[in-house]
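Observations on chain architecture
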Amino acid sequence: RTWLAISLGDTDNIPSWLMDEAQIQSHIYGAYIGYAMMIYARILLVTKNYGKLFGISEILLNKAEAIPLQMARLYYFIFLSCANNETGHRNDAVQYLRKALDIAVPDNIYLPFAEHHIYISDLLREEKENLSDRYKDEIDKILVMCTKQKAGSFKISKALRKTQNMLTPREQEIVHYAKLGKTNKEIADILFIAPETVKMALKKIFKKLNIHSRYQL
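Residues numbered from 1 in each chain as written. Predicted model: local features only at pLDDT ≥ 70, side-chain atom pairs only at ≥ 80, totals over all residues. Heavy atoms only, no water.

Let us now look at the packing of helix H10 (residues 169-179) against helix H12 (residues 195-209). Their axes nearest at 10 Å, the elements H10 and H12 cross at an angle of 95°. Between H10 and H12, the angle is such that the two are roughly perpendicular. For the pair formed by H10 and H12, the contact residues are Glu-171, Ile-174 and Val-175 on the first element and Val-198, Ala-201, Leu-202, Lys-204, Ile-205 and Lys-208 on the second. (Axes fitted to C-alpha atoms, helices over the stretch in contact; angles between N-to-C directions. Helix = DSSP H or I, 4+ residues; strand = E, 2+ residues; numbered from the N terminus. Parallel < 35°, antiparallel > 145°, perpendicular 65-115°, else oblique. Contact = heavy atoms within 4.5 Å.)

So, about the environment of Asp-102. Here Asp-102 shows up in helix H6 (residues 90-104). Residues Asp-102 and Leu-74, spaced 28 residues apart in sequence, show a C-alpha to C-alpha distance of 8.9 Å. With near-sequence residues (within four places) excluded, Asp-102 lies in contact with Arg-134 and Tyr-135.

Interaxial distance between H10 and helix H11 (residues 184-191) falls to 10 Å at its minimum, and their mutual angle equals 130°. Relative to H11, the element H10 is oriented oblique. You can see that H10 and H11 cross each other, and the crossing is right-handed. Contacts from Arg-170, Glu-173, Ile-174, Tyr-177 and Ala-178 of H10 reach H11 at Ile-187, Ile-190 and Leu-191. Per-class residue counts for the contact of H10 with H11 are six nonpolar, no polar and two charged. (Left-handed = near helix turned anticlockwise from the far one by under 90°. Nonpolar A, V, L, I, M, F, W, Y, C, P; charged D, E, K, R; others polar.)

A separate point is the nonpolar core. Grouped together as the largest cluster of nonpolar side chains are 54 residues, with contacts concentrated most on Tyr-76, Phe-79, Leu-101 and Phe-113. Counting only elements with at least two residues in this core, the list comes to helix H1 (2-7), helix H3 (32-46), helix H4 (50-66), helix H5 (70-86), H6, helix H7 (111-114), helix H8 (117-127) and helix H9 (133-165). What Phe-79 contacts, discounting residues up to four positions off in sequence, is Trp-3, Met-38, Ala-41, Arg-42, Leu-45, Leu-53 and His-116. With 14 residues, the next largest nonpolar core counts Val-175, Ala-178, Val-198 and Ala-201 among its residues. (Core = buried A, V, L, I, M, F, W, Y, C linked by side-chain atoms within 4.5 Å. Buried < 20%, exposed > 50% of the residue type's maximum accessible area, 1.4 Å probe, protein only.)

Our next topic: the environment of Asn-184. Among the structural elements, Asn-184 can be located in helix H11. A C-alpha to C-alpha distance of 8.8 Å links Asn-184 and Ala-194, two positions 10 residues apart in sequence. Residues within four places of Asn-184 in sequence aside, it is in contact with Pro-195, Val-198, Lys-199, Leu-202 and Arg-214.

So, about H3. Given 3.6 residues per turn, any residue in an α-helix points the same way as the ones three and four places further on. Relative to the 21 Å expected for 15 residues at 1.5 Å per residue, H3 spans 22 Å between its end C-alpha atoms, a close match to the ideal helical length. In the core, the buried residues of H3 are packed alongside H1, helix H2 (21-27), H4, H5 and H8. (Expected span 1.5 Å × (residues − 1).)

Glancing now at the side chain of Lys-128. Residue position: Lys-128 is located in the loop between H8 and H9. According to the relative accessible area criterion, Lys-128 is buried, its value standing at 17%. What Lys-128 contacts, discounting residues up to four positions off in sequence, is Lys-136, Ile-139 and Asp-140.

Right, let's get into the state of the cysteines. Enumeration over the complete set of coordinates arrives at zero disulfides. The thiol sulfur of Cys-82 is not disulfide-bonded, and the nearest other cysteine sulfur, from Cys-146, lies at 9.7 Å. By relative accessible area, which is 1% here, Cys-82 ends up buried. (Disulfide = S-S within 2.5 Å.)

Moving on to the pattern of salt bridges. Throughout the structure, instances matching the rule amount to nine salt bridges. Where Lys-208 meets Glu-171, a salt bridge forms, and the shortest distance between an N and an O atom there is 2.8 Å. Of the two residues, Lys-208 is situated in helix H12 and Glu-171 in helix H10; the sequence distance between them amounts to 37 residues. Residue class for Lys-208 comes out partly exposed when judged on its relative accessible area of 34%. Between Asp-189 and Lys-185 there is a salt bridge, and its shortest N-O distance comes to 3.1 Å. In this pair, Asp-189 and Lys-185 are both assigned in helix H11, four residues apart and thus about one turn of the helix distant. Accessibility expressed as a relative area gives 53% for Lys-185, which makes it exposed. Each of Arg-90, Glu-126 and Glu-127 takes part in salt bridges that share partners, so that together they form one network. (Salt bridge = Lys/Arg side-chain N within 4 Å of Asp/Glu carboxyl O.)

Printed below as a string of structure tokens:
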């Protein structure tokens, strides 16, 4: 859910524990930590915390290689390409892009690039002729997917805004805190209302959205 929210540009409802390395270690166990750290790295990218991303990148890449998590390595190279491009380090951005393509092209893994079309589409177009011939056709395929991803994200965002408009401002506040994992009492304390009011509001929200649990919000 957090990955989808980030893809749609929503950084307001990210669980607080996913924004802290120590808390990730305490919440997630085993191989899943690698995937959680991948989400954390993406959060750093979309929130423009490039310095932190650069600072932990070597550790993340080493861990992904040791496990091994090839998909995580692909995403990290894409994150670093995007971050370097955003900060004006074009040569580094291209080098990381090549590393990402080296992993992705043999297995036709294009979606990770399309998910970051906002950052990477122009870089792919501009560097297409400078990359090796074996990448050129693949980059065309990636760019087509980037266009589809952009259109799809717009449609989903539009549908979500329509859904949000079904809720009153107070209900939207309650949904916001419920998605952050707050209990009814915690939401009540934040909004200065009774826990029973939160409970009744959630029942109305579930009915409006045709869902049965706060975990579906």
